[in-house]
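Here are the chains, one letter per residue:
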Amino acid sequence: MYWQCRQDRLSIGEQPMIMGILNATPDSFSDGGCYLSVDTAVARGREMLAQGADIIDIGGESTRPGAAPVDAPTEMRRVLPVIEALAAVPGARISIDTAKAAVAHEAVRAGACIINDVTALEGDPAMAAVVRETGAGVVLMHMRGTPRTMQDNPQYADVVGEVADWLAARLVAAGMAGIAAEAVVLDPGIGFGKTAAHNIALIAGLDRLARLGRPVLAGLSRKRFIGLLSGVEEAADRMAGSLAALTAAILHGASILRVHDVAASVQAARVAAALRDATNLHADIQRGMAA
Ligand code: HH2
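In this text the structure is predicted, and so the values were computed from the model without any measurement.

Comments concerning helix H3 (residues 101–110)
Working note: α-helix, 3.6 residues per turn, so residues spaced by three or four point in the same direction. Within the span of H3, buried status applies to Ala 101, Val 103, Ala 104, Ala 107, Val 108 and Ala 110. Its buried side turned inward, H3 meets helix H2 (72–87), strand E5 (94–97), strand E6 (114–117) and helix H4 (127–134). Looking at the residues trailing H3, positive phi occurs at Gly 111, about 130 degrees.

Digging into unusual backbone geometry
In the Ramachandran plot, Arg 6 falls in the positive-phi region, its phi being about 55 degrees despite a non-glycine side chain. Assignment of secondary structure puts Arg 6 in the loop between strand E1 (2–5) and strand E2 (8–11). With relative accessibility at 32%, the residue Arg 6 sits in the partly exposed group. Look at Arg 222: it is not a glycine, yet its phi comes out positive at around 60 degrees. Relative to the assigned elements, Arg 222 resides in the loop between strand E9 (217–218) and helix H8 (224–230).

Here's the deal with empty space enclosed by the protein
Following the criterion strictly, the structure yields 1 cavity of 30 Å³ or more and no others. Considered as a void within the structure, the largest cavity measures approximately 50 Å³ in volume. Among the elements that make up the lining of the largest cavity, the one with the highest residue count is helix H9 (residues 239–251) (4 residues). When grouped by side-chain class, the residues that make up the lining of the largest cavity number 5 nonpolar, 3 polar and 1 charged.

With respect to the layout of surface pockets
With a probe scaled to a water molecule rolled over the atoms, the places where space remains empty come into view. In this structure, the largest pocket occupies an estimated 690 Å³ of space. In terms of lining, the largest pocket is formed by 38 residues, of which the most central are Phe 29, Arg 64, Pro 65, Lys 223 and Arg 224. Among the elements that make up the lining of the largest pocket, the one with the highest residue count is H8 (4 residues). For the lining of the largest pocket, the class distribution of residues is 14 nonpolar, 14 polar and 10 charged.

Observations concerning the site of the ligand
By nearness alone, 18 residues border the ligand, and Ser 28, Ser 62, Thr 63, Asp 187 and Lys 223 come closest of all. At 3.0 Å from a nitrogen atom of the ligand is found a side-chain nitrogen or oxygen belonging to Asp 97. One nitrogen or oxygen atom from the side chain of Lys 223 is found 2.7 Å from an oxygen atom belonging to the ligand. The fraction of the free accessible surface of the ligand (480 Å²) that becomes covered by protein chains is 98%. Put simply, the ligand lies in the largest pocket. Here the shell around the ligand is composed, by residue class, of 6 nonpolar, 7 polar and 5 charged.

Some points on the environment of Tyr 35
By the secondary structure assignment, Tyr 35 is in the loop between strand E3 (17–23) and helix H1 (38–50). The spacing of Tyr 35 and Thr 25 is 10 residues in sequence and 7.1 Å in space, taken between C-alpha atoms. Non-local contacts of Tyr 35, meaning those with residues more than four positions away in its chain, are made with Leu 22, Asn 23, Ala 24, Thr 40, Ala 41 and Arg 44. Within the local environment of Tyr 35, its side chain forms a polar contact with the side chain of Arg 44, the two groups lying 3.4 Å apart.

Criteria and cut-off values
Residues numbered from 1 in each chain as written. Predicted model: local features only at pLDDT ≥ 70, side-chain atom pairs only at ≥ 80, totals over all residues. Heavy atoms only, no water. Buried < 20%, exposed > 50% of the residue type's maximum accessible area, 1.4 Å probe, protein only. Helix = DSSP H or I, 4+ residues; strand = E, 2+ residues; numbered from the N terminus. Contact = heavy atoms within 4.5 Å. 1 Å grid on protein atoms, 1.4 Å probe; cavity = no way out; pocket = protein on both sides within 12 Å on 5 of 7 lines; lining within 4 Å. Points joined across faces, edges and corners; volume = space filled by probe spheres on them. Nonpolar A, V, L, I, M, F, W, Y, C, P; charged D, E, K, R; others polar. Near = heavy atom within 4 Å. Polar contact = N/O pair within 3.5 Å; in protein donor to acceptor, adjacent residues only side chain to side chain. Areas by Shrake-Rupley, 256 points an atom, 1.4 Å probe, with all protein chains shown as cover. Sits in = over half its atoms within 2 Å of the grid points.

Put into C-alpha cells, the structure is as follows:
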C-alpha cells in the first residue's frame, strides 16, 4: 500500500511512520507557547527530522477541548514561514494541521505535501477542492462535535463500529469530490469527543479501521486518557504512557503515529513493528497447522 502526497509516494506497511508534532500556537495542550517564534519552531522541526521523523505536522490553531478559534490570517502568519523554512530541508516532508481551505492552500504553496484536516473535509466546503487540485495527501479524522463542545458527555453504543462506519462514509465522500483513495489516510481522532474508555476501545479496535483499506494514523501522544490511566498530571511527563499506547496502536494496525517525543517513538515503533510481524507470522503458522 502507498500514500500519494503530491509527487511523493510513501510506502506504507513495513516500518510505521513517525509524524512529529510542531504547534506554532500559544495554547496547545502540551507544547503551547514553546514554538511561537519562527526560529524556535524551525529549530524544533530540524531537531525532529534529525531524530528520524518521517513527517513534520505543523499547526497554528489548537484543537484542545475548549480551545478558542483562530482566524485564517493569524494561522497563516504562524505557520507559513515555518513551513517554508522546513520544506527547504533536504528530505523533509511537511503536513499542515488545519481545517481551513485558505490556510491549506497557502501551506501547500509554501511546501507542505499533506493536509491534516481534523474535520475530515466537513469544516470548510472549499477544502475538498484544495486537496483535489493540489494532489496533497489528506488525513481524514473522526471528531464528535467541535473542539469547544466535543468533551461534553460523548456517547456511543459501539464506538469502534460507529467511528469505522463514519470514516468509511468520509472516504466515499472524498472519492465523490474527486480525491483519489491513494491520497487518503484515516484517523479515529483519539480524544476528539471520546472518553478514556472510548479511546482505549478505539486503540484495541484499530484493526477494524485498517480493514477499510487505507493506512491508519493514530494521534495519542501525551493525551488526557494517558494522564488518567497513569495518574500523571503534567502532559509533558506522559512519554512512557504514550509509548505504551503507541506500541498497542502499532500491534493493532496503525501505520502512522503522530507524536511529540520523536526519538523515543522511533525506537519504540521499530520494536513494536517487529513484534507485530512476528505475531502475524505466528498466527499464520497456527492457522496453517489447524487447516
Ligand atoms: N490531535 C491533535 C491535533 N491534531 N490531528 C490528527 N490527525 N490526529 C490527532 O489525534 C490530532 C490531530 C491534538 O494534539 P496537539 O496538536 O498536540 O494539541 P493542540 O490541538 O492543543 O494543538
